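Fold and contact review
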Amino acid sequence: MMLGKYQLVSKLASGGMAEVYLARAEGPMGFAKSLVVKRILPHLAEDPRFVEMFISEARLAAQLDHPHIVQIFDFGEVDGTWYLAMEFIDGLNLRVLVRHAKTTGMLLPPAYCARIIAHACDGLAFAHDSKDAVTGASLGLIHRDISPDNILLSRQGAVKVVDFGIAKAAGQGHRTESGVLKGKISYMTPEQLRNMAMDRRVDVYALGIVLYELLTGYKPFDATSEASIVHAILHEPFVPAVERRPDLPAAMGSILERALAKDREQRYPDCRTFQADLEGFILSAGEPVGAWNLAQLVERVKATSASPGAKLISANEPEKRTPARKTPETAIPETTTPETTTPETTTPAHLAKPTLETRPVGNAQTGRRGSWTGLIAAGVGAAVLIALAAGLVMRDESPANARPGVTGPTAPVPLSEAPVPEEVGGPAPSEPPTPARDEPPPEPTDKTPVPESLAPAVVAQKSLEDSALERPKPSRGSRARATPPETSVLMGKVEFRIWPYATVWLDGKRLGETPLAPVSLSAGRHTVKLLNEELGKNVTQQIEVRAGKTFVFRCNLRAEC
Ligand SMILES: Nc1ncnc2c1ncn2[C@@H]1O[C@H](COP(=O)(O)OP(=O)(O)OP(=O)(O)O)[C@@H](O)[C@H]1O
């Protein structure tokens, strides 16, 4: 099917606002480029005010040129269909990643989660600070629709924030006749629910929720209906992430506390300060995490999803959305806190079996678009609904985007460089490139509990799919932290850079499948075995680990390492 000059190849996603297609643009002499075309649903295209806002917001989004924001190429209209053309991110969205982790029991290493959100912070901070190219005036943008669906992770390990254009237009839709509402309740801040003027801190909060989900597979509140989640956001403390995942370092808990503060004055003032803490966390974890690691993660998820017998997860399968809804008519005053009743008749999500399939349809934990009639029925009241609608303005409404008394952006802490590694295993993988390493990394401040079966040779390791580190059953009230493992001075580390992926054994003990976090082990000789049944590869090699050094084991299985 053609849409103007674009050939629509396949549909990637379809929501209440738009359809997203993988498309192809062709030019002379065999020129061809893959891209994504997003077109507004026909019934919205008939609303002149919606179109007007779509155009204005698309114009703004097109000005955002940043490595962590999906780039807009083109915008136009063909036969009454309005569309945006943008770069194609071949990878997956974070919703898919969270689902995959849950269904397979995979624990995402906290440093990986921090890296993903730090990059999203970087993109959003750029958007928040962006200025009009001609006038130099602040655009005062806020995304305000951040959710795992709108953060993409490419096969190359790049993190990209998407959905500025339509989100903004839709966000103002409550002022149109059709009254389009946009935004997922689970990611809304207390100030949004109270119809207070919004600023960039709503994006900080939403990113905090996404971080929480990446780490634990759950949303922060035990809410089972839209009314109860609104109540929880306004009045209840979130379930500490460590209760869902006991191996979580305390430092990460503190970051979540600040990102998810109900009082925005207690929250990170902006994405830069949030990012700075995340970068600090990655440093404290002791190993840099870069695009290479994230690329491996994507490769692993895609391979698992596509393998026979595995639950097929579409890389770009978005969360189900409800159609655009009519907007209520009234708003609550800024100071008003709506009184709500919280029905607690269903099993709290954190106690449910941790698979998506067990979730009841309509569970607010899914973060789907709000069912406003349900909210009213639950007694939240029309005021809250209007607050939700009226809160969907995309401009940063903090005074000149600079809040008095709020410290300015803090420069992100650069990643440390690791020691020059010793290498083994034949030719290094040709893709992707390996970051340079010059200095020893700092010692981890928080250590992950170690399965007894791996001691003493391996004293600390985090496997994404190690059965000994399967996702813990969430248990409210049990806040005990696991005891850190003992350390020895004669320790070194081994880091695995395996392409595309393999199951790894160290000295006969299965570590799990790559990507794997670096493993601490005693200095000396060790045996590493790699197995990739899909490729029919079985590689066994001896490595010599030196005390205080990191040994990088590289292997490109496709290149017969
Ligand atoms: N540039 C892109 N490259 C690859 N996939 C994309 C791209 N843009 C969007 N997608 C896929 O389409 C899904 C929906 O995209 P997007 O959120 O922009 O659409 P939407 O209809 O506006 O959704 P929402 O209801 O969240 O606003 C994303 O989660 C992602 O999986």
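Residues take numbers from 1 onward in each chain, read along the sequence in its written order. The predicted origin of the model limits local features to residues at a pLDDT of at least 70 and limits the giving and counting of side-chain atom pairs to 80 or more, whereas totals for whole chains, interfaces and linings rest on all residues. Based on all heavy atoms of the structure, the side-chain values leave hydrogens and waters out of the count.

In the annotation of an unreviewed UniProt entry, the chain is listed under the name Protein kinase domain-containing protein and assigned to Cystobacter ferrugineus.

1. Observations regarding the overall build of the chain
Within the chain, the secondary structure is distributed over 14 helices and 18 strands. Residue exposure (1.4 Å probe, protein chains only): buried if accessible area is under 20% of the type maximum, exposed if over 50%, otherwise partly exposed. By residue count, 61% of the 561 residues in the chain fall in the buried class. Contact criterion: two residues are considered in contact whenever any of their non-hydrogen atoms come within 4.5 Å of each other. Restricting the contact set of the chain to residue pairs at least 6 apart, pairs at least 24 apart contribute 73%. Split by element, the accessible area of the chain, about 21800 Å² in all, is 54% carbon and sulfur. Working definition: helices are DSSP H or I runs of at least four residues, strands are E runs of at least two. Numbering for both runs from the N terminus. To measure how exposed things are, a 1.4 Å probe is used in the Shrake-Rupley method; for residues, cover is taken only from the protein chains shown.

2. As for the sheet that holds strand β8 (residues 151-154)
Taken together, the 3 strands give an open sheet; going across it, the order is β7-β8-β9, and neighbouring strands pair in antiparallel fashion. The sheet terminates laterally at β7 (91-93) and β9 (159-161), the two strands that pair on one side only. Averaged over all adjacent pairs, the angle separating strand axes in this sheet is 25°, with direction ignored. Packed on one face of the sheet, helix α4 (residues 110-129) meets β8 and β9 and runs near 40° to β9. When DSSP finds at least two bridges between two strands, those strands are taken to pair. Axes, fitted as lines to C-alpha atoms, cover a helix only where it is in contact. Angles between the N-to-C directions of the axes lie from 0 to 180 degrees.

3. A few points about the pattern of salt bridges
Should a side-chain nitrogen of Lys or Arg be within 4 Å of a carboxyl oxygen of Asp or Glu, the pair is scored as a salt bridge. Overall, the coordinates contain 25 salt bridges when judged by the stated rule. Across the pair Lys160 and Glu87 runs a salt bridge whose closest N-O atoms are separated by 3.4 Å. Separated by 73 residues along the polypeptide, Lys160 in strand β9 and Glu87 in the loop between β6 (81-86) and β7 bring together distant segments of the chain. Overall, Glu87 belongs to the buried group, its relative accessible area being 17%. As a salt-bridge pair, Asp199 and Arg201 come within 2.6 Å of each other at their nearest N and O atoms. Taking relative accessible area as the criterion, Arg201 reaches 4% and is therefore assigned buried. Look at the salt bridges and you will find they share partners, linking Arg95, Asp149, Lys184, Glu213 and Lys219 into a network.

4. Side note on the pairing of strand β2 (residues 6-14)
Looking along a regular strand, one sees the side chains alternate between the two faces of the sheet. Inspection of the sheet shows strand β1 (residues 2-3) paired to β2 by 2 bridges, in the antiparallel sense. Bridging across to β2, Met2 finds its partner in Gln7. The turn linking β1 back onto β2 is made up of 2 residues, and Gly4 within it adopts a positive phi angle of 60°. Looking at chain direction, β2 and strand β3 (residues 18-26) are connected through 7 bridges and run antiparallel. Bridge assignment links Gln7 to a residue of β3, and that residue is Arg24.

5. Here we look at the state of the cysteines
The disulfide definition used here is simple: a pair of cysteine sulfur atoms within 2.5 Å. Counted according to the given criterion, the structure contains 0 disulfides. You can see Cys271 has no disulfide; the closest cysteine sulfur is in Cys121, sitting 4.6 Å from it.

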